[in-house]
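Residue-level listing of the chains:
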Amino acid sequence: MPAIWKYLPILKWKQGERIALSKLTGAQWDGIVPLIEILPIDPKKGTLAETLVPYITKIGGQMVKSIPEGTPIAIDIRYFMPTYAKQAQVLTSICKRLSTLTGRQIIPVITEAMVARPADLPDLAKAFEVFVLRIQTHGVTSDQVKDFVKVVVGAGIAKSRLHVLVDQFSIVGVNPPACAAAAQQYLDEALAAGCSSTTLAGGSFPLNLVGRKQGLHDIERVEWKAWKTLVAKPAYAKVLFSDYTVSNPAPAPDIDPTMMNPSVAIRYASDGFWRLFKAGGFKKGKQDQYKNLCILLKGDPVYSGAAFSFGDDCYDKASVGVLGNGNPTSWRRDAASHHLVFTSSAI
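Residues numbered from 1 in each chain as written. Predicted model: local features only at pLDDT ≥ 70, side-chain atom pairs only at ≥ 80, totals over all residues. Heavy atoms only, no water.

Turning our eyes to something else, we now look at the overall build of the protein. When you go through the protein residue by residue, the secondary structure sums to 12 helices and 11 strands. Here the C-alpha radius of gyration of the protein, 20 Å, is about what a compact globule of 347 residues would show, namely 20 Å. Projected onto its principal axes, the C-alpha positions of the protein cover 60 × 50 × 35 Å. Considering the protein as a whole, with its 347 residues, one finds that 52% of them fall into the buried category. Carbon and sulfur atoms make up 56% of the accessible area of the protein, which amounts to about 15,100 Å² in all. Distance between charge centroids for the protein: 3 Å, based on 39 positive and 29 negative side chains. (Helix = DSSP H or I, 4+ residues; strand = E, 2+ residues; numbered from the N terminus. Rg over C-alpha atoms; globule rule 2.2 N^0.38 Å. Buried < 20%, exposed > 50% of the residue type's maximum accessible area, 1.4 Å probe, protein only. Areas by Shrake-Rupley, 256 points an atom, 1.4 Å probe, with all protein chains shown as cover. Lys, Arg positive; Asp, Glu negative; His and termini not counted. Charge placed at Lys NZ, Arg CZ, Asp CG, Glu CD.)

Before going further, it helps to spend a moment on the packing of aromatic side chains. Evaluation of the coordinates by the stated rule reveals 10 aromatic pairs. Seen from their ring centres, phenylalanine 169 and tyrosine 244 are 6.3 Å apart, and the 90° between their planes marks the pair as edge-to-face. Taken together, the residues span a long stretch of sequence, with phenylalanine 169 in strand β6 (residues 162-170) and tyrosine 244 in the loop between β9 (240-243) and β10 (263-270) at a distance of 75 residues. Each member of the pair phenylalanine 169 and tyrosine 244 is classed as buried. Both rings, one in phenylalanine 205 and one in tryptophan 274, keep their centres 5.1 Å apart while their planes meet at 80°; by these two values the pair is edge-to-face. Remark: tryptophan 274 occurs in strand β11 (residues 273-281) and phenylalanine 205 occurs in the loop between β7 (197-203) and β8 (215-220); sequence separation between them is 69 residues. The exposure classification of phenylalanine 205 matches that of tryptophan 274, with both residues buried. Ring pairing ties together the aromatic residues Tyr7, Trp224, Trp227 and Phe241, which thus form one cluster. (Phe/Tyr/Trp six-rings, centres within 6.5 Å; stacked < 30°, edge-to-face > 60°.)

The strand order across the open sheet built from 8 strands is β1-β2-β3-β4-β5-β6-β7-β9, with neighbouring strands paired in parallel fashion. Strands at the two margins of the open sheet, each flanked by one partner only, are β1 (10-11) and β9. As paired elements, strand β3 (residues 73-76) and strand β4 (residues 106-110) share 3 bridges and run parallel to each other. By the bridge assignment for β4, isoleucine 73 is matched with isoleucine 106. Packing of helix α7 (residues 144-154) onto the sheet brings it into contact with β4, β5 (131-136) and β6, and relative to β5 it is tilted by some 150°. Against the sheet, helix α8 (residues 176-192) touches β6 and β7, its axis set at about 160° to β6. (Pairing = 2+ DSSP bridges. Contact = heavy atoms within 4.5 Å. Axes fitted to C-alpha atoms, helices over the stretch in contact; angles between N-to-C directions.)

It is worth spelling out the nonpolar core at this point. Within the largest apolar cluster, 68 residues are counted, with the highest numbers of intra-cluster contacts made by Met63, Ile75, Ile77, Ile110 and Leu133. Counting 24 residues, the second largest nonpolar core, distinct from the first, contains Phe205, Ile219, Phe277 and Val302. (Core = buried A, V, L, I, M, F, W, Y, C linked by side-chain atoms within 4.5 Å.)

Right, let's get into the packing of helix α3 (residues 48-66) against helix α4 (residues 87-102). Two elements in contact, α3 and α4, have axes separated by 9 Å at closest approach and are oriented at 45°. Relative to α4, the element α3 is oriented oblique. Pair α3 / α4 crosses with right-handed handedness. Within the contact between the two elements, α3 uses Val53, Ile56, Thr57, Ile59, Gly60, Met63 and Val64 and α4 uses Ile94, Arg97, Leu98, Leu101 and Thr102. Looking at the contact of α3 with α4 residue by residue, the class counts come to 8 nonpolar, 3 polar and 1 charged. (Parallel < 35°, antiparallel > 145°, perpendicular 65-115°, else oblique. Left-handed = near helix turned anticlockwise from the far one by under 90°. Nonpolar A, V, L, I, M, F, W, Y, C, P; charged D, E, K, R; others polar.)

On to helix α10 (residues 289-298), then. Of all the positions in α10, only Gln289, Tyr290, Leu293, Cys294 and Leu297 are classed as buried. The buried side chains of α10 occupy one side of the element, clustering within an arc of 135° when seen end-on. (Arc of directions from axis to C-beta.)

It is worth spelling out the side chain of aspartate 312 at this point. Mapping aspartate 312 onto the fold places it in helix α11 (residues 310-320). Buried charged residue aspartate 312 carries no salt bridge. Nearest counter-charge: lysine 298, at 11 Å. (Salt bridge = Lys/Arg side-chain N within 4 Å of Asp/Glu carboxyl O.)

Structure representation (structure tokens):
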């Protein structure tokens, strides 16, 4: 079975990302398969027994609105119930439900925790056709890759049905050549395993913008530079690409939103870096901050033009309109929209 994506963006399924996906055109979807991390249910909303079915039903409805028919969806539940031992059983149940609700091909993501309980994998293997084995390199050694593949294959998932995702997770500020060198040993093992495809992931956008002054800053896209270095070598030419778009890989900290005052900012992807346009605080801030940032962006050589993506069109409109400063959701929506289109078109 050939690879079914060229770009596998990893998304935490927040509102901004959902809207960004919904605004992709048919041509822009070509080669993109989103990997969705299902986040925990807020315990304030009730017990797990009370809220599980409505929660997954809500997510399924959101996926129907955001992701077109015919586009597969990879589902990762590593953060959903991390302390529950039988992760594969939960994954099977959620993926079956989402398959029914969405009518889309659902690709279950097998984690290291599931490989540790191989007896739970056969039921998952029987329920779906295609799988991702996601291996986060900060928690395992490279020689464990072949062992993980062996366990999954032993559970009834043929290598032709299995895609290996080598995930370097957070690589903020890492030297790209060093990042590429560190990834090679994992990729060597993954490629040698002979599965359907191998993808390299990582995320280098900072967790927050604290400490950065107002103005323009370039933030290195380490995962992009490392991947481009590797695929230029014949041994890694078929390695596919994955990232965390404009988010840090770590789950968002549990902070009372009323205590936060995020900076008005634009996170704009370019080849090898994000250009960060940062203004002052959102709360009680000047109402022209975002407009002024959009004016700066439009005059910058990195700007792709209003027609490039939904997000770019929003930046164009905001530069001449009276739309206020938007909000964290709209900032993330526009940044993710541009990032998705820019990255996919550059592969």
